[in-house]
There are 2 protein chains.
Amino acid sequence: MSGRLEVIPLGGLGEFGMNCAALRAGGDLILVDAGMMLPGRRPVTSLGVDLMVPDISFLLENRRQLRGIVLTHGHEDHAGGVSYVIDQLRVPVYANRLTLGLVSSRLRERGLDKEADLRSLEADRPVDLGAFQVEPLRVTHSFPESFCFAIRTPAGRIVWTGDFKFDQTPIDGHRSNLARLAELGQEGVLALFSDSTNADVPGLSPSESSVREPLENLFRQAGGKIILATFASSMHRIQIVLDLAREVGREVVPMGRSMVSNIRLASRLGYLRTDREVLRSRDDLARIPPERLIVLASGSQGESRSAMSRLAVDQVRQVRIEPGDLVFLSSRVIPGNEKAIGQMISHFYRRGARVLDSRHEPIHASGHGYREDLKLMIDLTRPRFFVPIHGEFRQLAAHASLARSQGIPPDRVHLMESGEVLGLSPDKAEILGRVPSGRRFIDEGIRRQVDQDLLRDRRFLATDGVLVVGLRLDRMSWELIGEPELISRGFVQPEDSQELMRETRARIRRLVSETGANGKRDEGLLEEMLQTGLKRFLRKRTRKRPLIVPMTLAL
Amino acid sequence: MSGRLEVIPLGGLGEFGMNCAALRAGGDLILVDAGMMLPGRRPVTSLGVDLMVPDISFLLENRRQLRGIVLTHGHEDHAGGVSYVIDQLRVPVYANRLTLGLVSSRLRERGLDKEADLRSLEADRPVDLGAFQVEPLRVTHSFPESFCFAIRTPAGRIVWTGDFKFDQTPIDGHRSNLARLAELGQEGVLALFSDSTNADVPGLSPSESSVREPLENLFRQAGGKIILATFASSMHRIQIVLDLAREVGREVVPMGRSMVSNIRLASRLGYLRTDREVLRSRDDLARIPPERLIVLASGSQGESRSAMSRLAVDQVRQVRIEPGDLVFLSSRVIPGNEKAIGQMISHFYRRGARVLDSRHEPIHASGHGYREDLKLMIDLTRPRFFVPIHGEFRQLAAHASLARSQGIPPDRVHLMESGEVLGLSPDKAEILGRVPSGRRFIDEGIRRQVDQDLLRDRRFLATDGVLVVGLRLDRMSWELIGEPELISRGFVQPEDSQELMRETRARIRRLVSETGANGKRDEGLLEEMLQTGLKRFLRKRTRKRPLIVPMTLAL
């Protein structure tokens, strides 16, 4: 127990919510989680970026040391990146069965399912990965059978909480393993790495069960259809809806690709108790009267083309929104989506429905512990060192200050950023340096990572458009044949810009004769001159910087 | 009093928060407000759209009838569009002096100040505009001297509230004119058009004065610098900060272009009481010690390149954020900006500052009345008809249901959308039809409205890029001379796509020989064929749809 451990978060700290951390000791490397991130309504969305995964160049460089990937649970921000890194890393992936099910359906979509080595991880059954022993402990969270990892390393034991809260009345009856956490505290925990999502929310987080009664009361008041949106991975919430539907005499039709497939998968694996009399499919819609229907839809964030967005504008043929219908947004608002959600809500109101969300009714409970939950975790594990993980910097800072107020000496609390390397030995923790980290942008269309140059071009194209300059050039006399052709797309409107185009052509002729006079009769050089010269000219005239694409056809 | 009035909101209802409404009666037209809207973090931002103004084609068609524009107050969403419509409409603009000051500085920027006819509007001094008499009444709001309009029309009197709340302790001492509103109620109000912004917030809105004490307490606790962000048009809030600065012994340095110029304008016009010992400029920064400094900055929404965003990342040379500094966000969060604001907050924390916002401390008061304010307006004016204005549809719906609960019969409550024409006569209100309405997108670079086609091109360019195809063609034999040239920008990465480019060239050769074989040897036709043929081919191969720009050189 006197070796050294390096802990290297590659994401999940600060702005980039893709959880992924490398642990290295004694020449062995393991990866805890491999998340991805949807760009949401960020500007990159409009640049053709479908999702972002962490930069794994550090792992690729040290691939020989890598022993495996262990996943705390199956949420996209923890497990969604596996299918984008596994073909390069080729190591076993350990997770609970539901998580493995979700991972393999993603792998199948990308044609990689044959190559992946997926291994089931069960609570309280440690697995050995080189110098590490990873012991999965149950913690309560909005995903079934989520794990906190107690990891034995050459430097000592660390606890990596994953996402958690302490829910004493979980829907599936499986409580967090408080006893083992306390025992670890007794045995000695070198460092605690703990979920900071709600580090600035006072109190104890409400139990998932607390949404049951409000939902039941509201369901009983409803006269027309019920539309309920939640995350497709929120199995406990889905269980509550299925259970309540039976009690209030309604049938449930799941809608949205992920909602339908996740429910199917979770039922098959036994994570969801379903009932054929209650759980129906779209084929049953024609038969179910409005006052007996619950549509359980994905798209709670107002994502375009999601089930909820289509329902809101009456694009789902079998379900027409009518006065008297009741819409539930039983989910949190992911920052950045407020505007899209607001517009969706307005569309429902426009059709006469009423919309209830978690700001006004207690119909959502967070899966992440509040300050009292976080204090309990610290008290149970009594770590020597403390590192807040999973959160934006202000949450990490709030969590760090909470840990200090719990009696952990300030010099043992480490506020890290993604890419930093924390060196841990039994009596010391220090930042040793940095490894490359950041986001890789994935464009599913071209099926690969897109680089910064490509995104830079797209960004200019988006705001300033493109001007294609076609020249026919007599290579001998270095004179233009005919007029330069100009094609503007997304830059200016040709009908408004004849004067500008005339001036641009004059400028082009001048640039051509300048290169000719210089004796530098080179097409490559001419194209460069055209790009710089026209860029400056157009910038001055229009305050815009279109991409300039010269195409010289020389004879 | 038996004529008919048409009320036509051209914006401000539903998603498009550019307030602007036309009133028409007896062959005369007036416009109440002419707002604009910043695209914020919406996808259009990245399409080079700087701002949006209402579609005024209805006004252009009826320009001869237009008698003037009356502005309730100077916020951008009510007055910011004037400089984009006035050159086409050329009618007098009436507003309070501060609003006129803001409007003329915008007109100056666009070189239109010489042409505009700006006329000062004062409380309780009605102006006649053809068939209309517009009587401005003071209401309290976050902009000084805001007006509610009582408008005499051939059909009867209407009340157009503008933005308001009922603040009994306003900072400038000017209360809402409750007496006149009550008198109008006695005389008879045909219709009330009332601000719906906070129609779903229960209770009475807190007074602007209520933020004074919390701010004072926090100012007194601060040991280091104070950075306070608010809207540059929030003159009452700025007054509070200036007053408190003197009391706690600090000096105030305004930062950000709009903050500096608005403070200068408002002081000059007497809307702000300033004090040379307190209000300083950037030149004084070197001299003022941290514990005596308040930086009053614009950019509370995390706008890129704003004073606040630059402060957060230490880009303001004279002001380095340090541990112990206290940052106040004394403003609301405009929906859609949450992510940008969150990132800005994290940057301040990263530098050791603490950030206080209105979610945790009562350091902001809305300028818009809550439900009890709205009820009071209805009770005072006792209108025959009621129309909620200024809000997203869910707020309008909440306001309509509130009006019904106040005793206005449901058939006299009209939920309108922008572009609808409401016909009002003394005993009847009905929707008569629609006029064109919507957003005009302004690209300041090309200094004009951009049309849908241009935006469509930019949207495709942004996500899928452009492929330029250059061909040399022998016009006689209809055969290609050399290989087709391909230039991809923002589409695929050439080094990853040699196979794709090879296939594309083969496809081009086939398309050329097909047009040749058909005997349709026409370059225009060939280019069309290339566009459709390649679009389909690339779509299938890459799931992307780049703009395809063919350029043919026929010899």
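Residues numbered from 1 in each chain as written. Chains lettered and ligands numbered in written order. Predicted model: local features only at pLDDT ≥ 70, side-chain atom pairs only at ≥ 80, totals over all residues. Heavy atoms only, no water.

1. Quick look at the overall build of chain A
Next, step 1: Secondary structure assignment for chain A yields 15 helices and 26 strands.
Next, step 2: Expressed as lengths along the three principal axes of its C-alpha atoms, the size of chain A is roughly 90 × 70 × 45 Å.
Next, step 3: Residue burial in chain A is summarised as follows: out of 555 residues, 61% are buried.
Next, step 4: The contacts in chain A between residues at least 6 apart in sequence include a share of 72% that link residues at least 24 apart. (Helix = DSSP H or I, 4+ residues; strand = E, 2+ residues; numbered from the N terminus. Buried < 20%, exposed > 50% of the residue type's maximum accessible area, 1.4 Å probe, protein only. Contact = heavy atoms within 4.5 Å.)

2. Here's the deal with the side chain of D314(A)
All names here are of chain A.
Next, step 1: Looking at the secondary structure, you find D314 in the loop between α9 (307-312) and β16 (326-329).
Next, step 2: In this structure the side chain of D314 is engaged in a polar contact, spanning 3.3 Å, whose partner is the side chain of R320.
Next, step 3: Here D314 is in contact with V319, R320, I321 and R351, once residues within four sequence places are set aside. (Polar contact = N/O pair within 3.5 Å; in protein donor to acceptor, adjacent residues only side chain to side chain.)

3. Considerations on the packing of helix α3 (residues 82-89) of chain B against helix α4 (residues 97-109) of chain B
Between two packed helices, what matters for the description is the angle formed by their axes and the separation of those axes.
All names here are of chain B.
Next, step 1: Between α3 and α4, the shortest axis-to-axis distance is 9 Å and the interhelical angle comes to 70°. The orientation of α3 with respect to α4, classified from their angle, is roughly perpendicular. Taking contact as the criterion, the partners of V82, S83, Y84 and I86 in α3 are, on α4, V103, R106 and L107.
Next, step 2: Looking at the contact of α3 with α4, its residues break down into five nonpolar, one polar and one charged. (Axes fitted to C-alpha atoms, helices over the stretch in contact; angles between N-to-C directions. Parallel < 35°, antiparallel > 145°, perpendicular 65-115°, else oblique. Nonpolar A, V, L, I, M, F, W, Y, C, P; charged D, E, K, R; others polar.)

4. Comments concerning the relation of the copies chain A and chain B
Next, step 1: With an RMSD of 0.2 Å, chain A superimposes on chain B once it is rotated by 180° and translated 0.1 Å along the axis. Taken together, these values place the two copies in the relation of a two-fold axis. Of every C-alpha in chain A, the one belonging to A462(A) sits nearest the axis of rotation, 2.2 Å from it.
Next, step 2: Both copies share a contact surface, since 97% of the interface residues of chain A are interface residues in chain B too. (Least-squares fit on C-alpha atoms with pLDDT ≥ 70 in both.)

5. Some words on the nonpolar core
All names here are of chain A.
Next, step 1: Counting 35 residues, the largest nonpolar core has L215, F219, I238, V252, L296 and F328 as the members making the most contacts within it.
Next, step 2: If you list the elements that add at least two residues to this core, you get α4 (97-109), α6 (212-221), β13 (226-229), α7 (235-248), α8 (257-268), β15 (293-297) and β16.
Next, step 3: A domain split of this core shows at least three residues from each of domain 1 (5-203 + 366-443) and domain 2 (208-356).
Next, step 4: Contact partners of F219, with chain neighbours within four places excluded, come to I226, L228, L244, V248, R250, I294 and F328. (Core = buried A, V, L, I, M, F, W, Y, C linked by side-chain atoms within 4.5 Å. Domains from an automatic or database assignment.)

6. As for the domain arrangement of chain A
Residue and element names in this part refer to chain A.
Next, step 1: For chain A, the assigned domains are domain 1 (5-203 + 366-443), domain 2 (208-356) and domain 3 (464-554).
Next, step 2: Measuring from the centre of the C-alpha atoms in domain 1 to the corresponding centre in domain 2 gives 31 Å.
Next, step 3: The interface is formed by 19 residues belonging to domain 1 together with 20 residues belonging to domain 2.
Next, step 4: Surface buried jointly by domain 1 and domain 2 totals about 1600 Å² across both partners, of which 56% is contributed by carbon and sulfur atoms.
Next, step 5: Where domain 1 packs against domain 2, one counts one salt bridge.
Next, step 6: For R257, the salt bridge is made with E109, and the minimal N-O distance between the two is 3.8 Å.
Next, step 7: Run the count over domain 1 and domain 2 and you get seven residue pairs in polar contact (both at pLDDT 80 or more).
Next, step 8: When the residues that make up the side of domain 1 that touches domain 2 are grouped by side-chain class, the tally is six nonpolar, six polar and seven charged. (Buried area = accessible area lost by both parts, 1.4 Å probe. Salt bridge = Lys/Arg side-chain N within 4 Å of Asp/Glu carboxyl O.)

7. Considerations on the pairing of strand β12 (residues 189-195) of chain A
All names here are of chain A.
Next, step 1: The buried count for β12 comes to seven of seven residues, which makes it a mostly enclosed element.
Next, step 2: Looking at chain direction, strand β11 (residues 156-160) and β12 are connected through three bridges and run parallel. Residue pairing across strands places W160 opposite F193, the latter belonging to β12.
Next, step 3: Note on the crossover from β11 through helix α5 (residues 178-187) to β12: the handedness is right-handed.
Next, step 4: Pairing geometry for β12 and strand β18 (residues 383-389), over six bridges, is parallel. Residue S194 lies in a different strand from β18, and its bridge partner there is P388. (Pairing = 2+ DSSP bridges. Right-handed = clockwise from strand over helix to strand, strands pointing away.)

8. Thoughts on the interface of chain A and chain B
Next, step 1: Taken together, the contact pairs 70 residues of chain A with 69 residues of chain B.
Next, step 2: In this assembly, chain A packs against chain B so that about 6100 Å² is buried in total across both faces, 54% of it on carbon and sulfur atoms.
Next, step 3: Joining chain A to chain B, the criterion identifies eight salt bridges.
Next, step 4: For D457(B), the salt bridge goes to R489(A), with nearest N and O atoms at 2.9 Å.
Next, step 5: If you look at where chain A meets chain B, you find 17 residue pairs in polar contact (both at pLDDT 80 or more).
Next, step 6: When residues of the side of chain A that touches chain B are traced back to their parent elements, those giving at least two are α10 (338-350), α12 (393-405), β22 (448-450), α13 (452-464), β23 (466-474), β25 (485-489), α15 (523-542) and β26 (547-554) of chain A.
Next, step 7: Per-element tally for the side of chain A that touches chain B: the top contributor is α10(A), with nine residues.
Next, step 8: Residues belonging to the side of chain A that touches chain B are distributed by class as follows: 26 nonpolar, 19 polar and 25 charged.

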